[in-house]
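# Observations on the three-dimensional arrangement
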Amino acid sequence: MDQFDAFKAMGEFWTRTGLGFLTPPGMGDDAAGWSAFPPATDLTGFAEAHASLTRAWAAASALSQTLTASVQGAGPATDPTAAAVLARIFDPQAWLGGTTDFGAALNRMTEGPQLADLWQTEKRFAALFSAFAALRRAQGAHQAVMLDAWTRAAGSFAREANARAGRGESYASGRDMMQHWVETANGVLIEVQRSEAFLASQRAVLKAATELRLAQQDVAGFMADLYGQPTRAELDDVHRSLTELRREVRALKKERRSAARRAKAEATREASHG
Amino acid sequence: MAETANGGRSKPMAPLDLSPAEMIAEAGALGRRMAEGAQLFASVRDEDVQIATTPKDLVWSQDKVSLYRYRPLAESRGLPPVLIVYGLIGRYTMADLQEDRSLVRNLLNLGLDLYVVDWGNPGRADRFVTMDDYVDGYLAECVAFINDATNREKVNLLGICEGGVFTTCYAALYPESVNAMVLTITPIDFHADTVENRAGHGFINLWVRSLSGEDIDQLIAAQGSLPGEFMGSVFSMMTPMRTMTKYNLDLLEALGDRTKFLNFLRMEKWISDRPDHPGEAAKQWLKDLYQDNKLVKNTFELGGRQVDLKAITCPVLNVFAQDDHIIPPATSQALRGKIGTGDYTELGLPGGHVGVFVGGKAQKLLGSGIADWIAARG
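Residues numbered from 1 in each chain as written. Chains lettered and ligands numbered in written order. Predicted model: local features only at pLDDT ≥ 70, side-chain atom pairs only at ≥ 80, totals over all residues. Heavy atoms only, no water.

As named in an unreviewed UniProt entry, chain B is Poly(3-hydroxyalkanoate) polymerase subunit PhaC, taken from Methylobacterium persicinum. Note on chain B: under the UniProt heading Pathway (unreviewed entry), the record states "Biopolymer metabolism; poly-(R)-3-hydroxybutanoate biosynthesis." (UniProt positions renumbered as here; feature names shortened; annotations may be inferred.)

If you look chain A up in an unreviewed UniProt entry, it shows as Poly(3-hydroxyalkanoate) polymerase subunit PhaE from Methylobacterium persicinum. Under Pathway (unreviewed entry), UniProt gives the following word-for-word description of chain A: "Biopolymer metabolism; poly-(R)-3-hydroxybutanoate biosynthesis."

Here it is as structure tokens:
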């Protein structure tokens, strides 16, 4: 699910269930059970993270366009294909979604079954929604770190490229220029990946993705139980027992093998003694 | 803005200042390369990119674990058999990637009797399988089978990466059944990435230490395993721009040469075959070893027994890659002086983590280096 779809889906869900969820009929704030519900999602933090990312994105996009235009020289680009390639190379989007497979792998790990029709299980669904929002918030914070890295790399590259131009030197080919960008960006990325900010924000994404997965499994387990289907926890129990049984069988076989060896050695010894 | 000799102002030079003719020439070359590449793509068949093709026979299996014996390619030198043990991250096929880049073939051609253990494809059902099961269980069973089959009491172990940790633990727990041990690209001191602190090296060590033990427990509780795809993405992070340019610039480069292109595809095939790491074993790998560094401290336990490196009394050949960004050399070299034998040899080879096995020069040195060393200890 891409970010647009995710927000769209979240909006639809909110419209359909939000009012009823926040003001359940016949249940005021003091009603029994309501206080046990997980706290509502921290929408303030979510909005702030989103606004911060939007500002950083706007700045990075402007830098990307300037960079693309400047390496082509002043005036209109003479080659539309080259311009398109350059725009792609300097597109900060690649650093957010496509920098590595990490984000995609996490998404695949968390985007399990669609459980929108289970919203009546309020407590579980609220936890699920909170976990989803927390993941998006963590992803936003991580993207801000990556955007910062991109901006630094692009700035560094632009300074060097302009300095070369100032000395009357230019790249011999588009491939040469691209190679220089790759080296510059690689250096910055490797440095950023070792930074506290990167490690902390990525850990937060991993943690949030894991919590979302567990919240999904909780809802799935609840429904499976309701319909008499085996739950994840029950299957895990079976698998644990199976592993333990296999372990025991292996130990018994090992013991039997040792006993046979001892008996053989004993027989050999007796035979040699006549 | 630059000034001309007569003091007038000139048009600023652009960093990429190609004439229309130069641009057309570059675009034309690119177009030709892509057209040739498309033709090459269309001509490649599955059989062209087969990996691990050296003939072998299944000789033993238990649960998802299989033991194979390679068919000889040369006259036997009568040495104790060699068991290749890969880890649970990736698969042993790296040691037999293609005919002309195969440690397996190199060793067979040098007259060694070779076995390999394949851990199979652990799934969610294997969540509770531990490193104890792999080392004290399956690996011990493989060794027992080989000893019975060859009527010997000892084997030579050849551990690769995490598999090297398995063989190290096994040699410490069962020293009486190991004739000699070869470790390749194997971490022993998981915190020694800080010794050299080379940029881009040892990121996994740093990344795992940035997590808490609880993060790892939660990840395994949620997934049941350490998904292979997930570990693949962590590896990709170690070479960030290479990951971004791999399927465009690098592929384009490879498209100019059929041999190079097929090598590229075979490597891709190996990379994509990344099994999931069973959950409980992954916890031990990440928490006990990467985080708490128990192996080098002699506090790691398997099967209720302490893994004491001093208990390793067989000769040890420790091979590391000089430019290994995944297992930095210092993490492997930490074994020196920690084992209970003076017959310890280090062999540093040029190249990176995988390059040692598939790089043109390194893989030849690796094969002959291992065979000669084992022959001297037969």
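Structure shown, so let's carry the discussion forward.
Bringing the sheet that holds strand E2 (residues 65–70) of chain B into the picture now. Strand pairing in a sheet takes place through backbone hydrogen bonds and is either antiparallel or parallel in direction. Residues and elements named next belong to chain B. Read across the open sheet, the eight strands follow the order E1-E2-E6-E3-E7-E8-E13-E14; overall the sheet is mixed. Only two strands of the sheet have a single neighbouring strand rather than two, namely strand E1 (56–62) and strand E14 (344–349). Along the sheet, successive strands turn relative to each other by an average axial angle of 20°, direction set aside. Direction of pairing for strand E3 (residues 82–85) relative to strand E6 (residues 114–118): parallel, over a ladder of four bridges. (Pairing = 2+ DSSP bridges. Helix = DSSP H or I, 4+ residues; strand = E, 2+ residues; numbered from the N terminus. Axes fitted to C-alpha atoms, helices over the stretch in contact; angles between N-to-C directions.)

With that settled, the discussion passes to the nonpolar core. Core analysis: the biggest nonpolar cluster contains 133 residues, and B:Leu83 and B:Trp119 have the highest contact counts within it. No other element matches the nine residues that helix H3 (residues 131–150) of chain B contributes to this core. Setting aside residues no more than four positions away along its own chain, B:Leu83 makes contact with B:Leu67, B:Tyr115, B:Val116, B:Val117, B:Leu139, B:Cys142, B:Val143, B:Ile146, B:Asn156, B:Leu157 and B:Leu158. A:Phe125, A:Leu135, A:Ala138 and A:Ala208 belong to the second-largest nonpolar core, a separate cluster that totals 12 residues. (Core = buried A, V, L, I, M, F, W, Y, C linked by side-chain atoms within 4.5 Å. Buried < 20%, exposed > 50% of the residue type's maximum accessible area, 1.4 Å probe, protein only. Contact = heavy atoms within 4.5 Å.)

For the rest of this paragraph, the subject is the side chain of B:Asp96. Residue and element names in this part refer to chain B. Note on placement: Asp96 falls in strand E4 (residues 96–98). Lacking a salt bridge, the buried Asp96 has Arg105 as its closest oppositely charged neighbour, with an N-O distance of 4.4 Å. A distance of 2.8 Å separates the side chain of Asp96 from the side chain of Thr54, its partner in a polar contact. (Lys, Arg positive; Asp, Glu negative; His and termini not counted. Salt bridge = Lys/Arg side-chain N within 4 Å of Asp/Glu carboxyl O. Polar contact = N/O pair within 3.5 Å; in protein donor to acceptor, adjacent residues only side chain to side chain.)

A few words on the packing of H3(B) against helix H11 (residues 279–291) of chain B. Residue and element names in this part refer to chain B. In the contact formed by H3 and H11, the axes pass within 7 Å of each other and the chain directions differ by 105°. If you check the angle between H3 and H11, you find them roughly perpendicular. Between H3 and H11, the residues in contact are Met131, Asp132 and Tyr134 and Ala281, Gln284, Trp285 and Leu289, respectively. (Parallel < 35°, antiparallel > 145°, perpendicular 65-115°, else oblique.)

A few words on the pattern of salt bridges. Per the stated rule, a full pass over the model turns up 30 salt bridges over all chains. We note a salt bridge from B:Asp136 to A:Lys254, for which the minimum N-O separation is 3.8 Å. One end of the pair, B:Asp136, is in helix H3; the other, A:Lys254, is in helix H9 (residues 232–272), on a second chain. Judged by its relative accessible area of 17%, B:Asp136 is buried. Put simply, B:Asp148 and A:Arg261 hold a salt bridge, and the shortest N to O gap is 3.5 Å. On the criterion of chain membership, the pair formed by B:Asp148 in helix H3 and A:Arg261 in helix H9 is interchain, its members lying in two chains. By relative accessible area, which is 41% here, A:Arg261 ends up partly exposed. One network of salt bridges, in which partners are shared, links A:Arg246, A:Arg247, A:Arg250, B:Asp63 and B:Asp133.

To continue, consider the pairing of E3(B). Residues and elements named next belong to chain B. The side-chain alternation of E3 yields two buried faces, one formed by Val82 and Ile84 and the other by Leu83 and Val85. Summarising the sheet, E3 and strand E7 (residues 155–160) pair through four bridges and their orientation is parallel. Looking at the pairing, Leu83 lines up with Leu157 of E7.

Our focus in this paragraph is the packing of aromatic side chains. All told, the structure shown has 11 aromatic pairs over all chains when counted by the stated rule. Between A:Phe157 and A:Tyr171 the ring centres are 6.5 Å apart and the planes differ by 15°, which places this aromatic pair in the stacked class. Highlighted residues: A:Phe157 in helix H6 (residues 122–166) and A:Tyr171 in the loop between H6 and helix H7 (174–193), separated in sequence by 14 residues. A centroid spacing of 5.9 Å and a plane angle of 50° characterise the contact between B:Trp207 and B:Phe230, whose relative ring orientation is tilted. One end of the pair, B:Trp207, is in helix H6 (residues 203–210); the other, B:Phe230, is in helix H8 (residues 228–238), with 23 residues separating them in the sequence. On the basis of relative accessibility, which here comes to 0%, the residue B:Phe230 falls in the buried class. (Phe/Tyr/Trp six-rings, centres within 6.5 Å; stacked < 30°, edge-to-face > 60°.)

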